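What the coordinates show
What follows is each chain in one-letter form.
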Amino acid sequence: NAMPTPPPEMWMNFECMPFLKNKIPIDDVEPMYNKPISEVAQKICDMMGFKYFWRSLNVKESTKINFNFTGCRDTALTKLADGLNLVVILGDNNDVYFYDKKAWNTIPIPRPIDIPIINIESGLLMVGNVDATGAKIRVRLNDTYSLFSWIKLESKLIPKASGYYFVLSKTHKGHLRGEEWYTELELRRKG
């Protein structure tokens, strides 16, 4: 949705929504009873045009479940993951990853020299929502942090928040009228 503002400023306001095509309600899809998780996940991904990768160590893809297709396409994967006590992450190329909620220490960390450090000197603006599982941080607008990659957070204000984190999501915000410009990263702490 794009709308120009009236003169004299003549700005263009954009309202963008990712994956708008998946806001479509799920209609006429039969529930799946006593089916392997792999079949249910594949059915949802086929509807959405995604490819999924199973990274859970605690839940086997062959486990049989019952799944009722209700709501919108964009929430079906989250509903499946929540029902299995998993986390689902959407990648940059329409790929979807299922992970255990507490098994982040099973994802190998690359050599420390290859992990970007985020601190005040490198653009850290805010550390928030810090708990035992993760944090949400803001840095100066920067797209170099990839989804599913590791970062090392060094926080002087909240020293307990410092450590290795896995990037779950990133959001960029910028405003041409002089307001905030930043990237927000949702992180999962190394167990």
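In this report, we go over the structure that sits alongside the text. (Residues numbered from 1 in each chain as written. Predicted model: local features only at pLDDT ≥ 70, side-chain atom pairs only at ≥ 80, totals over all residues. Heavy atoms only, no water.)

All right, on to the overall build of the protein chain then. When helices and strands are tallied, the protein chain shows two helices and 13 strands. Counting all 191 residues of the protein chain, 36% fall into the buried class. The long-range fraction of contacts in the protein chain, counting pairs at least 24 apart against all pairs at least 6 apart in sequence, stands at 58%. Approximately 11800 Å² of the protein chain is accessible, and the part contributed by carbon and sulfur atoms is 54%. (Helix = DSSP H or I, 4+ residues; strand = E, 2+ residues; numbered from the N terminus. Buried < 20%, exposed > 50% of the residue type's maximum accessible area, 1.4 Å probe, protein only. Contact = heavy atoms within 4.5 Å. Areas by Shrake-Rupley, 256 points an atom, 1.4 Å probe, with all protein chains shown as cover.)

Turning next to the pairing of strand β9 (residues 124-128). Across four bridges, β9 lies against strand β10 (residues 134-140) in antiparallel orientation. Bridging across to β10, V127 finds its partner in I137. (Pairing = 2+ DSSP bridges.)

Summed over all chains, the structure comprises seven aromatic pairs. Aromatic pair Y97 and Y99: ring centres 6.4 Å apart, planes at 15°, arrangement stacked. Judged on exposure class, the residue Y97 and its partner Y99 are both buried. With 5.8 Å between their ring centres and 75° between their planes, Y99 and F166 make a pair best called edge-to-face. Remark: F166 occurs in strand β12 (residues 163-173) and Y99 occurs in strand β7 (residues 95-100); sequence separation between them is 67 residues. In this pair, the class of Y99 matches that of F166, namely buried. These aromatic residues form a ring-pair network of at least three members: F53, Y97, Y99, W150 and F166. If you follow K79 out to its NZ or CZ, it ends over the ring of F67, 4.9 Å from the centre. (Phe/Tyr/Trp six-rings, centres within 6.5 Å; stacked < 30°, edge-to-face > 60°. Lys NZ or Arg CZ within 6 Å of the ring centre and 35° of its normal.)

The next thing to look at is the pattern of salt bridges. Scanning the model with the defined rule gives five salt bridges in all. Between E121 and K156 there is a salt bridge; the shortest N-O distance is 3.7 Å. Of this pair, E121 sits in the loop between β8 (117-118) and β9 while K156 sits in the loop between β11 (150-153) and β12, and the two are 35 residues apart along the sequence. We classify K156 as exposed; its relative accessible area is 64%. Residue E184 pairs with R138 through a salt bridge whose shortest N-O separation is 3.0 Å. Here E184 is found in strand β13 (residues 182-189), whereas its partner R138 is found in strand β10, with 46 residues between them in sequence. Beyond isolated ion pairs, a larger network of salt bridges with shared partners links R138, E180 and E184. (Salt bridge = Lys/Arg side-chain N within 4 Å of Asp/Glu carboxyl O.)

With that settled, consider the sheet that holds β7. The mixed open sheet is built from three strands, whose spatial order is β4-β7-β6. Every other strand in the sheet has two partners, leaving β4 (51-54) and β6 (86-90) as the edge strands with one partner each. Strand-to-strand twist across the sheet, computed as the mean angle between neighbouring axes with direction ignored, equals 25°. The pairing of β6 with β7 spans five bridges and is antiparallel. (Axes fitted to C-alpha atoms, helices over the stretch in contact; angles between N-to-C directions.)

What follows covers a nonpolar patch on the surface. Taken together, the side chains of V130, L157 and I158 define a hydrophobic patch exposed on the protein surface, amounting to about 280 Å² of accessible area. Overall, V130 belongs to the partly exposed group, its relative accessible area being 34%. (Patch = residues over 30% accessible without salt bridge, like charges linked within 9 Å, V, L, I, M, F, W, Y side chains within 5 Å.)

In summary, soluble globular proteins display a tendency toward joint burial of nonpolar side chains. If you look at the biggest cluster of nonpolar residues, it comprises 25 residues, and the most contacted ones within it are I44, W54, F69, L77, L80 and F98. Of all the secondary structure elements, the ones that give two or more residues to this core are α1 (37-48), β4, β5 (64-67), α2 (73-83) and β7. In terms of residue count, the dominant contributor to this core is α1 (seven residues). Those residues in contact with F69, other than ones at most four positions away along the chain, are I26, V29, E30, P31, M32, K43, I44 and M47. V127, A135, I137 and Y145 belong to the second-largest nonpolar core, a separate cluster that totals 15 residues. (Core = buried A, V, L, I, M, F, W, Y, C linked by side-chain atoms within 4.5 Å.)

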